[in-house]
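# Report on the structure
Residue strings, one per chain:
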Amino acid sequence: MKINGQHYRTIWLAQDGWRVVVIDQTRLPFRFETVALGSAEQAADAIRSMVVRGAPLIGATAAYGVALAMRADASGAALEAALALLGGTRPTAVNLRWALERMRRVLAALPAERRSEAAYAEAAAICDEDVALCRAIGEHGLPLIREIATRKPAGQPVNILTHCNAGWIATVDWGTALAPIYLAHDAGIPVHVWVDETRPRNQGAALTAYELGAHGVPHTVITDNAGGHLMQRGAVDMVIVGTDRTTANGDVANKIGTYLKALAAHDNGVPFYVALPSPTIDWSIRDGLAEIPIEERAAREVTHLSGLAEDGEVRPFRVVAPGSGAANPAFDVTPARLVTGPVTERGVCAASAAGLAHLFPDLANRATA
Ligand SMILES: CSC[C@H]1O[C@H](OP(=O)(O)O)[C@H](O)[C@@H]1O
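Quick caveat: nothing in here was measured; it's all calculated off a predicted structure.

### Some details on the UniProt feature "active site" (unreviewed entry) in the protein
UniProt's entry tags Asp244 with the feature "active site" (unreviewed entry), counted in the numbering of this structure. As for its placement among the helices and strands, Asp244 is situated in the loop between β9 (238–241) and β10 (245–247). In this structure Asp244 comes out as buried when scored by relative accessible area, which is 9%. Each residue touching Asp244, except ones within four places of it in the same chain, is listed here: Ala55, Thr92, Ala93, Val94, Asn95, Ala253, Asn254, Lys255, Thr280 and Phe331.

What follows is the structure, encoded as structure tokens:
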């Protein structure tokens, strides 16, 4: 996407042709800073610390992390060590496992001397495919917004609520949940986005608001607890969120708080869509609550907030009573029954095993083969 007229992806090769440059998302929205990753260890640290975040971008960064490892040592042992290191960074987003398994499939079969070049090529392919997948999600989600617009009074915007950040910053480009919104805005359909701040890391207030503002999309940041109130008063026409792992039958793991939005949407008859690129589908599981690992992050992410201090510096502030503990589950699971429809790169379907298998027979069959 564009920032100040310049087009960016979220990950690219440095001019030296081998280090991997990423945007440091922990510094946004107040500082636009990049980091050049030079090793698998640095890539793992970037994922673990959320310098890079978002399921598709985590997968892409891990793929390049393997390429960095192969450039240094292309032995079989080094490959397995890199896969284990990167695979242990964050447990919920299945794109990480998907990308690493794909890198293993390509590289394990090659002689060591060909692995580095092949790894960079495969990581680049994963990135290019992600851009295409996300753009296609935008195309398939656009009619959903357009249809609501036809039922609104002339000039009245379609009010869309989103949670966390599933924009271009969470992917290689375009985003997932925000892709249909960008396309609707660019097509001249009046849209307005209610942006959940998304405690504790404030991906909504810091990243989604930053993205939408840069693209000129009207939006309002709200507290996480305001969404149900707005839905009760008819101020939300649809909800669209991202996902970090969706089961074969449509159960959705996404940022903590998503489930509560789905409950409020269900109670108020508001359509609840999940933007779902196929690498985020875990075909091996069907019970999200029982089988999706939920990341527990540090209590400090709850007890402290990072923000712009009066002196213009970005620093953390304590917002919880000293001595109080904090729990920090980073995701929750929304059962398929609360999901109106996954919006995938192949279309919108029912949130069910049949719905997903109908759109992806090639992937569903491979999983059960
Ligand atoms: C397009 S994936 C975005 C997805 O990732 C976020 O999690 P995190 O910020 O912890 O990486 C959140 O669940 C978003 O919906």
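Now that the structure is up, let's keep going.
### With respect to the UniProt feature "binding site: substrate" (unreviewed entry) in the protein
On the UniProt side, "binding site: substrate" (unreviewed entry) is annotated at positions that read Arg53, Gly54, Ala55, Arg90, Gln203, Asn254 and Lys255 here. With respect to the helices, strands and loops of the structure, Arg53 is situated in the loop between α1 (40–48) and α2 (55–72). Of note is the side chain of Arg53, whose polar atom sits 2.8 Å from the side chain of Gln25. As for its position among the elements, Ala55 is in helix α2.

### Quick word on the domain arrangement of the protein
When the parts come together, some accessible area is lost, and that loss is often what is quoted as the size of the interface. Parsing the protein into structural domains produces domain 1 (2–129) and domain 2 (137–368). On a C-alpha basis, the centres of domain 1 and domain 2 stand 24 Å from each other. When domain 1 packs against domain 2, the two sides together hide about 2,900 Å² of surface, and 57% of this comes from carbon and sulfur. Put simply, the parts of the chain that give the side of domain 1 that touches domain 2 at least two residues each are β1 (2–3), α2 and α4 (94–108). Per-class residue counts for the side of domain 1 that touches domain 2 are 18 nonpolar, eight polar and eight charged.

### Focus on the packing of helix α6 (residues 179–186) against helix α7 (residues 203–215)
Look at α6 against α7: their axes get within 11 Å of each other, and the N-to-C directions meet at 20 degrees. Judged on the interaxial angle alone, α7 and α6 are roughly parallel. In this structure, α6 crosses over α7, and the sense of that crossing is right-handed. Contacts between α6 and α7 involve Ile181, Tyr182, His185 and Asp186 from the first element and Glu211, Leu212 and His215 from the second. Its residues assigned to classes, the contact of α6 with α7 shows three nonpolar, two polar and two charged.

### Quick look at the site of the ligand
The ligand sits among 18 residues. The nearest are Arg53, Arg90, Asp244, Asn254 and Lys255. In this structure, an oxygen atom belonging to the ligand sits 2.9 Å away from a main-chain N or O atom of Gly54. Contact with the protein chains covers 100% of the free accessible surface of the ligand, which is 410 Å². Mapped onto the shell around the ligand, the elements with two or more residues apiece are α2 and β11 (252–255). Both domain 1 (2–129) and domain 2 (137–368) contribute no fewer than three residues apiece to the shell around the ligand.

### Re the sheet that holds strand β6 (residues 158–162)
The strand order across the open sheet formed by seven strands is β8-β7-β6-β9-β12-β17-β18, and the pairing between neighbours is mixed. Looking at the sheet topology across the chains shown, the edges are occupied by β8 (219–222) and β18 (347–348). Where β6 meets β9, two bridges bridge the pair, whose relative direction is parallel. Each bridged residue has a counterpart across the sheet, and for Ile160 the counterpart in β9 is Met238. Running over the sheet, α7 touches β6, β7 (191–196) and β8 and is turned about 160 degrees from β7. Its contacts with the sheet place helix α9 (residues 258–268) against β6, β7, β9 and β12 (272–275), and it is angled at close to 145 degrees to β12.

### What to know about the confidence of the model for the protein
The predicted model of the protein has a mean per-residue pLDDT of 96, with 99% of residues at 70 or higher. Per the prediction output, this complex has pTM 0.97; the corresponding ipTM is 0.99.

### Brief notes about the packing of helix α3 (residues 76–87) against α4
Following both chains from N to C, one finds α3 and α4 inclined at 175 degrees, their axes separated by 10 Å at the closest point. Classified by the angle their axes make, α3 and α4 are roughly antiparallel. Along the contact surface, α3 presents Leu79, Glu80, Leu83, Leu86 and Gly87, while α4 presents Leu96, Leu100, Arg104, Leu107 and Ala108. A per-class count over the contact of α3 with α4 returns seven nonpolar, one polar and two charged.

Rules used throughout
Residues numbered from 1 in each chain as written. Predicted model: local features only at pLDDT ≥ 70, side-chain atom pairs only at ≥ 80, totals over all residues. Heavy atoms only, no water. UniProt positions renumbered as here; feature names shortened; annotations may be inferred. Helix = DSSP H or I, 4+ residues; strand = E, 2+ residues; numbered from the N terminus. Buried < 20%, exposed > 50% of the residue type's maximum accessible area, 1.4 Å probe, protein only. Contact = heavy atoms within 4.5 Å. Polar contact = N/O pair within 3.5 Å; in protein donor to acceptor, adjacent residues only side chain to side chain. Domains from an automatic or database assignment. Buried area = accessible area lost by both parts, 1.4 Å probe. Nonpolar A, V, L, I, M, F, W, Y, C, P; charged D, E, K, R; others polar. Axes fitted to C-alpha atoms, helices over the stretch in contact; angles between N-to-C directions. Parallel < 35°, antiparallel > 145°, perpendicular 65-115°, else oblique. Left-handed = near helix turned anticlockwise from the far one by under 90°. Near = heavy atom within 4 Å. Areas by Shrake-Rupley, 256 points an atom, 1.4 Å probe, with all protein chains shown as cover. Pairing = 2+ DSSP bridges. pLDDT = per-residue confidence, 0-100.

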